[in-house]
Amino acid sequence: MGSTLSIRLRITTLRSDLRIPTSELDETCYHLSMTNDKIAQTLHQLADLLEFTGANAFRLRAYRNGARVIKDLPDSIESMLESGEDLTKLDGIGKGVAQKCKELVETGSLSQLEEILETVPRTVLDLLNIPKLGPKKAAALFNELNITTLEQLKTACEAQEVRALSGFGAKTEEQILEGISIAAAASQRILWSKADGIVQQLRDHMSHCKQVKQIEFAGSYRRGKETVGDLDVLISSKNVDKVMDHFGEFEGIGTVIVRGDTKMSVRLENEFQIDLRVVPDKSFGAALLYFTGSKEHNVIVRGMAKQKGLKINEWGVYRLDDDEWIAGKTEADVYATLDLPVFDPETREARAEFDWAKELEELPTLIEISDVKGDLHMHTTATDGRASIEEMAAAARERGLKFIAITDHSKRVAMANGLDGDRLLAQWKEIDKINKNATDNFLILKGIECDILESGEMDLPDEVLAKADWVIASLHYGQQQPRQQITDRIIGALENPHVCMIAHPTGRLLNKRPPYDVDMTAVFQAAKENQKLLELNASPLRLDLNDVHLLQAKHYGIPIVINTDAHRVKGLDNMRFGIKQARRGCLTAADVANSLPWKKMQKLLKK
DNA sequence: GCCGTTTTCGGCCCGACTGTTTTCAGTCG
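The structure presented is a predicted model; accordingly, all values stated were derived computationally and were not measured. (Residues numbered from 1 in each chain as written. Chains lettered and ligands numbered in written order. Predicted model: local features only at pLDDT ≥ 70, side-chain atom pairs only at ≥ 80, totals over all residues. Heavy atoms only, no water.)

Caption draft 1: Inspection of unusual backbone geometry at higher detail. Cis geometry is found at the peptide bond from Gly293 to Ser294, where omega equals 0°. Within the secondary structure, Ser294 sits in the loop between α14 (284–292) and α15 (295–307). In this structure, the amide linkage connecting Asp544 to the following residue, Leu545, adopts the cis form with an omega of 20°. In this fold, Leu545 is placed in the loop between β16 (533–537) and α23 (547–556). Its identity is not glycine, yet Ala350 carries a phi of approximately 55°, on the positive side. Looking at the secondary structure, you find Ala350 in the loop between α16 (331–336) and α17 (353–359). (Helix = DSSP H or I, 4+ residues; strand = E, 2+ residues; numbered from the N terminus.)

Caption draft 2: Representation of the domain arrangement of chain A. Domain boundaries assigned for chain A yield domain 1 (4–186) and domain 2 (369–602). Taking the mean C-alpha position of each, domain 1 and domain 2 sit 36 Å from one another. (Domains from an automatic or database assignment.)

Caption draft 3: Examining the pattern of salt bridges more closely. A full pass over the atoms with the stated rule returns 37 salt bridges. One salt bridge connects Arg259 with Asp241, and the closest N-O pair in it is separated by 3.1 Å. You can see Arg259 sitting in strand β5 (residues 253–259) and its partner Asp241 sitting in helix α13 (residues 240–248), a full 18 residues away along the chain. In the salt-bridge network here, residues are joined through shared partners; they are Asp72, Arg223, Glu349, Arg351, Asp547 and Arg584. (Salt bridge = Lys/Arg side-chain N within 4 Å of Asp/Glu carboxyl O.)

Caption draft 4: Seen up close, the packing of aromatic side chains. Taken as a whole and assessed by the stated rule, the structure comprises ten aromatic pairs. Aromatic pair Trp192 and Phe577: ring centres 5.9 Å apart, planes at 70°, arrangement edge-to-face. In this pair, Trp192 sits in helix α11 (residues 192–206) while Phe577 sits in helix α24 (residues 575–584), placing the two residues 385 residues apart along the sequence. Residues Trp192 and Phe577 agree in their burial class; the two are buried. Counting every residue linked through ring pairs, the aromatic cluster contains Trp192, Phe217, Tyr221 and Phe577. (Phe/Tyr/Trp six-rings, centres within 6.5 Å; stacked < 30°, edge-to-face > 60°. Buried < 20%, exposed > 50% of the residue type's maximum accessible area, 1.4 Å probe, protein only.)

Caption draft 5: Structural detail: α14. Taken across its nine residues, α14 has eight buried, putting it largely inside the fold. Within α14, burial applies to Phe284, Gly285, Ala286, Ala287, Leu288, Leu289, Phe291 and Thr292. A positive phi of about 70° marks Gly293, the residue just after α14.

Caption draft 6: Seen up close, the protein's contact with DNA strand B. Within the structure, DNA strand B sits among 49 residues, and Lys132, Gly169, Tyr290, Arg302 and Lys306 are positioned closest to it. One of the backbone nitrogen or oxygen atoms of Lys136 is found 3.1 Å away from a phosphate oxygen of DNA strand B. Lys306 places a polar side-chain atom, nitrogen or oxygen, 2.6 Å from a phosphate oxygen of DNA strand B. Of all the elements, helix α4 (residues 57–72) adds the most residues to the surface near DNA strand B, at five residues. (Near = heavy atom within 4 Å. Polar contact = N/O pair within 3.5 Å; in protein donor to acceptor, adjacent residues only side chain to side chain.)

Caption draft 7: A look at the sheet that holds strand β2 (residues 214–217). Strand order in this open sheet of five strands is β2-β4-β7-β6-β5, and the pairing throughout is mixed. In this open sheet, the two strands that pair with only one neighbour each are β2 and β5. Taken pair by pair, the neighbouring strands of this sheet meet at an average axis angle of 20°, ignoring direction. Of the strand pairs in this sheet, β2 and strand β4 (residues 230–236) are connected by four bridges, and their pairing is antiparallel. If you follow Glu216 over to β4, its bridge partner there is Leu234. Running at roughly 170° to β2, α11 makes contact with β2, β4, β6 (263–268) and β7 (273–279) of the sheet. Along the sheet face, α14 touches β2, β4 and β7 and points at about 175° away from the line of β4. (Pairing = 2+ DSSP bridges. Axes fitted to C-alpha atoms, helices over the stretch in contact; angles between N-to-C directions. Contact = heavy atoms within 4.5 Å.)

This is how it looks when you write it as structure tokens:
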């Protein structure tokens, strides 16, 4: 139990010697490269489709579990296979999944998946997006009525054919019809920052209910996931009815989905779902642990309980032999029955936390916002920002920072009135003047966010970049280029002696734009070799790098810089979103470069 | 399909709620 990461780390070494220069690989080869994400996605899809054929549920779980392990790996499966590593050494990967990985890497596809797709079309997976329609019912619709698309399902419901199936009825048919129309909207996860807004409002609303004793927001919100699918509210109270009545008056509620003795679910007018659970005080800790998840974390916790002759559910910890309640008031009480510490919610993903508990004296202290001393990515009115250098500096001082870098866009970003060499040098003169007049030790660094052009060249000449205190390289154009080209551009920037850091390394915009196709393993290796830093962009829309990338960067020993990329004074407050994300990546202050004073931070760089 | 300091076979987390059921299966978290 719980040896996942330790095994993973033991068999994983830096293999920079194996990295083939990207220029030596032909493009076709690169196009075909099978990333860990693609392998994980394929395994997931295989499991989903197998549900329709009535396959063994535990087999499907094994595929999904394997997919998760692969997604979290610091190294690519492709390179591991290349160097002859035995994938079955990884916890959760056996002969079956290892063989599938091999086939995917070697052929680019999976014969088993192709075979299933001949009988079960991919479109049936859409059926699973409908609330209350799970694999069993969806399979019945497919097998009995040959329904393969949402359109066909709608027609069948309207013709009242669905209610005739065993296990279905008129009510189910109605719910499916409703579900079809909300399926698309409901499947959309909202940004953590937006969920946080709802949390503040709901917390305020519930604070006016006297019957509420304790309240906490659990689920993926508490774990700090970058997007949140629904909100889990946990309340302890002696009067369930009054609490539910008050909850039901929250502004924006569209429909009440369920209301039972302990559980109530509502959908807001914008389709966002909120689940409320009301428990007695003595169960609050057990329920909080349970509803915080993740699911995978809970599965391990319960497995450990079972081994100790205990049973854990949302009501508490019970002895198996006589069913006696022994703990549940706080999370600490519950974890203590398993000799476990209280894990930071952001780490409860069944990645490394159980290994830490076993191997370390105490859990690592994750980074907090008070650790951050500088913000090294922000814009001013010189380009597309809304505040002056002095206004940004004053706001940063107010937020307790000791230094900032002004990093406006370079000229290629014409839309934002990007700076050419002359304008940039003029801006730096102004910064010198402001620094000189400063009465405290606050420091403004002369920086630039220099574009990596489509050709791979930097947007400003080396002689200009050489005069900067801080050079960020980033990629705004040519995001559709093939993997090799994008990877080469970023590695080229990392090899430029004047560049300090790559900003928003994958370019994604959450719910809006996928990351560009880039070989992150190669980027990590190049950053390591050239002693460069990588950014965690704190904008709630970016949060780029993601949590898995951060774990990987940490594994490679690459310092991370958490920056707001503020375009206005208030943008500096985005730092807290970056901190959340950093904690999900298990970063401590020691892993974050801008937790150091500038003088020390500089020493991390080669330049 | 994966795993093993009870096991290489026989397990694999647990409960609330709903709808379709005359005692439970499916879905959800």
